Amino acid sequence: MGIVAVHHPDYRIHWDPEHPLKMTKYGALADYLAQHSAVIPANRVCPKPATPSLLAKVHAHQYIEHFLNGTLTASELRRMGVIWSPALVKRVLSAAGGTCETVRQALHTGFAANTAGGAHHAHFDHGAGFCVFNDVAVGARLALDELDVSRVLILDCDVHQGDGTARLFAEDDRVFTCSMHSERLYPGRKANSDKDIELPPKIGDEAYLAILAEQVPMIVDALAPELIIYIAGVDVYENDNLGNFSISEQGILERERRILELAKVRSIPIAVVMGGGYLDDVNHLAYLHSLVFQAAVEHYA
Ligand SMILES: [Zn+2]
């Protein structure tokens with residue numbers, strides 16, 4: 001047995017080590033899971049990279065082409081906060097393909113997690129906030145168009161609001177977007193999710209978990225989704241470089257346990273993507289991202 005972990009070798013690329021997004025964290029997470037396979041048994045699945053036509057389920061053709069060809073302007077790339085390279089193109093395509101594979105696997109087995117993904121600031125015709133293509137939105141559309149799913153809940157617990165996802169699905173009643181985030185952080189101009197749970201800076205484990213327990217089961221029961229895509233951002237962590245919450249490691253583990261349990265007891269397939277997490281210590285970051293896999297083993301292995 002074991003849980004499904006979706007990973008592609010192209011998730012590892014060379015990247016400016018001074019960049020706030022430590023691109024080596026995805027490889028470090030895969031290594032951590034391999035090294036701890038006795039306690040986190042995982043079946044690793046390698047996804048196919050996303051094709052342009054798959055990305056076109058939520059993105060403008062011209063934007064897709066310009067990114068793939070390296071013809072975006074300097075100011076467009078600045079807004080995205082990424083350093084373009086052919087390796088980045090491969091990485092982004094494999095991460096989006098990875099989230100689609102994670103959705104397929106979750107619908108098959110109940111749970112699957114991508115070791116990357118969660119590019120929730122990516123919009124229809126532009127990227128932003130380190131996000132190029134909105135893999136979560138692509139995965140949701142794939143489920144609706146091709147996998148016989150009629151209602152999707154996107155549950156976004158990254159410390160930043162999922163503004164791209166909210167805008168992409170503003171007119172689509174089949175997708176309910178719920179974002180639980182800091183009221184004071186990026187993006188400056190928030191979008192309207194179907195449900196925004198705005199939390200104050202410095203919120204700690206007890207208050208955070210109490211709000212989660214009060215709000216999220218209610219949303220799930222009212223909606224009865226056939227698929228949950230969960231963005232398990234660990235930038236809620238107390239020492240995160242870009243976050244402002246005071247959530248401990250134990251608090252993150254508890255969050256993952258509760259969300260997975262919620263899905264499990266209702267028999268709702270859950271596809272997990274990693275989302276944000278910004279520490280200088282990449283191994284510590286990989287450990288934080290591994291907590292959702294640890295919680296999954298308790299419920300699904
Ligand atoms: Zn974030």
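The coordinates are above.
Here the structure is a predicted model, which is why all the values come from computation and not from measurement.

Undergrad: Whenever I open this one, the overall build of the protein confuses me. Can you help?
TA: When helices and strands are counted, the protein shows 10 helices and 8 strands. On C-alpha atoms alone, the protein measures out to a radius of gyration of 17 Å, which is about the 19 Å that the 2.2 N^0.38 rule sets for 301 residues. Over its C-alpha atoms, taken along the principal directions, the protein stretches across nearly 45 × 40 × 40 Å. Within the protein, the proportion of its 301 residues that are buried is 60%. For the protein, the exposed area adds up to about 12,000 Å²; of that, 50% sits on carbon and sulfur atoms. Positive and negative side-chain charges of the protein, numbering 25 and 37 respectively, have mean locations separated by a distance of 3 Å.

Undergrad: Before we go on, may I ask you to explain the coordination of the zinc ion in this structure?
TA: Where a metal carries four tetrahedral donors, each ideal angle is 109.5 degrees; where it carries six octahedral donors, the ideal angles are 90 or 180 degrees. Protein coordination of the zinc ion is provided by D158 (OD), D158 (OD), H160 (ND1) and D235 (OD), with donor distances spanning 1.9 to 2.8 Å. Each of the 4 donor atoms bound to the zinc ion contributes to angles spanning 52 to 153°, and the resulting shape is irregular.

Undergrad: Would you explain the sheet that holds strand β1 (residues 3-6) in this entry?
TA: Each strand in a sheet pairs with another by means of backbone hydrogen bonds, the pair being arranged parallel or else antiparallel. Here 8 strands make up an open sheet; going across it, the order is β2-β1-β3-β8-β7-β4-β5-β6 and the pairing parallel. Both outer strands of the open sheet, β2 (42-45) and β6 (195-199), are each paired with one neighbouring strand and no more. Direction aside, the axes of adjacent strands within the sheet are offset by 15° on average. Across 4 bridges, the pairing between β1 and β2 is parallel.

Undergrad: What am I meant to see in the pattern of salt bridges here?
TA: One side chain can pair with another of opposite charge once the charged atoms of both are near each other. Tallied over the entire structure, the rule returns 11 salt bridges. Here E146 makes a salt bridge to K57, at a shortest N to O gap of 3.0 Å. Of this pair, E146 sits in helix α6 (residues 135-146) while K57 sits in the loop between α2 (52-55) and α3 (61-69), and the two are 89 residues apart along the sequence. A relative accessible area of 48% places E146 in the partly exposed class.

Undergrad: Quick question: what am I supposed to make of the packing of aromatic side chains here?
TA: Centre distance and the angle of the planes are the two values used to describe a pair of aromatic rings. If you walk through the whole model with that rule in mind, you get 6 aromatic pairs. Feature note: the residues Y63, F67 and F133 constitute an aromatic cluster, connected by ring pairs. Here the guanidinium or amino end of K25 rests over the ring plane of Y278, the centre of that ring lying 5.6 Å away. Sitting above the plane of the Y26 ring, R91 keeps its charged end 4.5 Å from the centroid.

Undergrad: What is the right way to look at the nonpolar core in this model?
TA: Grouped burial of nonpolar side chains is what soluble globular proteins tend to show. Ranked by size, the top nonpolar core spans 56 residues in total, and within it Y208, Y230, I270, V272 and F293 carry the most contacts. Sequence-distant contacts of V272, defined by excluding residues within four places in its chain, comprise T102, F111, A112, A113, N114, Y230, A232, L260 and V292. Counting 53 residues, the second-largest nonpolar core is a separate cluster that includes V4, V58, V82 and I231.

Undergrad: Just checking my understanding: could you explain the state of the cysteines for this structure?
TA: Note on terminology: disulfide describes a covalent bond linking the sulfur atoms of two cysteines. In total, this model carries 0 disulfides according to the counting rule given. Free cysteine: C100, not disulfide-bonded; nearest cysteine sulfur from C46 at 14 Å. This cysteine, C131, is not joined by any disulfide, and C100 carries the nearest cysteine sulfur, 16 Å off.

Undergrad: Whenever I open this one, the layout of surface pockets confuses me. Can you help?
TA: In this approach the atoms are scanned with a rolling probe the size of a water molecule, which exposes any empty space left behind. In this structure, the largest pocket encloses a volume near 480 Å³. Residue lining of the largest pocket: 31 residues in total, with L21, G129, F130, C131 and Y278 positioned closest to the centre. Breaking the lining of the largest pocket down by element, the ones donating at least two residues are α1 (25-35) and α5 (86-109). The element best represented in the lining of the largest pocket is α5, accounting for 5 residues.

Undergrad: Even after reading the chapter, I still don't get the pairing of strand β7 (residues 227-231), so can you show me in this structure?
TA: Along a regular strand, successive side chains alternate from one face of the sheet to the other. Buried residues dominate β7, accounting for 5 of its 5 residues. The alternating pattern of β7 places L227, I229 and I231 and I228 and Y230 on opposite faces, both of which are buried. Bridge count between strand β4 (residues 152-156) and β7: 5 bridges; the pairing is parallel. The partner of I154 across the bridge, within β7, is I229. Here β7 runs beside strand β8 (residues 270-273); their pairing, made up of 4 bridges, is parallel. In the sheet register, I228 faces β8, and the bridge partner there is I270. For the crossover from β7 across helix α9 (residues 249-265) to β8, the handedness is right-handed.

Undergrad: Can you walk me through a negative patch on the surface in this structure?
TA: Side chains of D16, E18, D280 and D281 sit close together on the surface and give a patch of like negative charge. Looking at where E18 falls in the secondary structure, it is placed in the loop between β1 and α1. Since its relative accessible area comes to 67%, E18 is described here as exposed.

Undergrad: Looking at this structure, how should I read the packing of helix α8 (residues 205-223) against α9?
TA: Relative placement of two packed helices is described by the angle separating their axes and the distance separating the axes. One can describe the packing of α8 onto α9 by two numbers: an axis separation of 11 Å at closest approach and a directional angle of 15°. By the angle between their directions, the pair α8 and α9 is classed as roughly parallel. As for the relative orientation of α8 and α9, their crossing is right-handed in sense. Facing α8, whose interface residues are D205, Y208, L209, L212, A213, V216, P217 and V220, α9 presents G251, E254, R255, R258, I259 and L262. Among the residues forming the contact of α8 with α9, the class breakdown is 9 nonpolar, 1 polar and 4 charged.

Definitions and limits used
- Residues numbered from 1 in each chain as written.
- Predicted model: local features only at pLDDT ≥ 70, side-chain atom pairs only at ≥ 80, totals over all residues.
- Heavy atoms only, no water.
- Helix = DSSP H or I, 4+ residues; strand = E, 2+ residues; numbered from the N terminus.
- Rg over C-alpha atoms; globule rule 2.2 N^0.38 Å.
- Buried < 20%, exposed > 50% of the residue type's maximum accessible area, 1.4 Å probe, protein only.
- Areas by Shrake-Rupley, 256 points an atom, 1.4 Å probe, with all protein chains shown as cover.
- Lys, Arg positive; Asp, Glu negative; His and termini not counted.
- Charge placed at Lys NZ, Arg CZ, Asp CG, Glu CD.
- Donors = N, O, S within 2.8 Å, 3.2 Å for Na, K, Ca; no water.
- Tetrahedral: all angles 85-135°; square planar, octahedral: opposite > 155°, others 65-115°.
- Pairing = 2+ DSSP bridges.
- Axes fitted to C-alpha atoms, helices over the stretch in contact; angles between N-to-C directions.
- Salt bridge = Lys/Arg side-chain N within 4 Å of Asp/Glu carboxyl O.
- Phe/Tyr/Trp six-rings, centres within 6.5 Å; stacked < 30°, edge-to-face > 60°.
- Lys NZ or Arg CZ within 6 Å of the ring centre and 35° of its normal.
- Core = buried A, V, L, I, M, F, W, Y, C linked by side-chain atoms within 4.5 Å.
- Contact = heavy atoms within 4.5 Å.
- Disulfide = S-S within 2.5 Å.
- 1 Å grid on protein atoms, 1.4 Å probe; cavity = no way out; pocket = protein on both sides within 12 Å on 5 of 7 lines; lining within 4 Å.
- Points joined across faces, edges and corners; volume = space filled by probe spheres on them.
- Right-handed = clockwise from strand over helix to strand, strands pointing away.
- Patch = residues over 30% accessible without salt bridge, like charges linked within 9 Å, V, L, I, M, F, W, Y side chains within 5 Å.
- Parallel < 35°, antiparallel > 145°, perpendicular 65-115°, else oblique.
- Left-handed = near helix turned anticlockwise from the far one by under 90°.
- Nonpolar A, V, L, I, M, F, W, Y, C, P; charged D, E, K, R; others polar.

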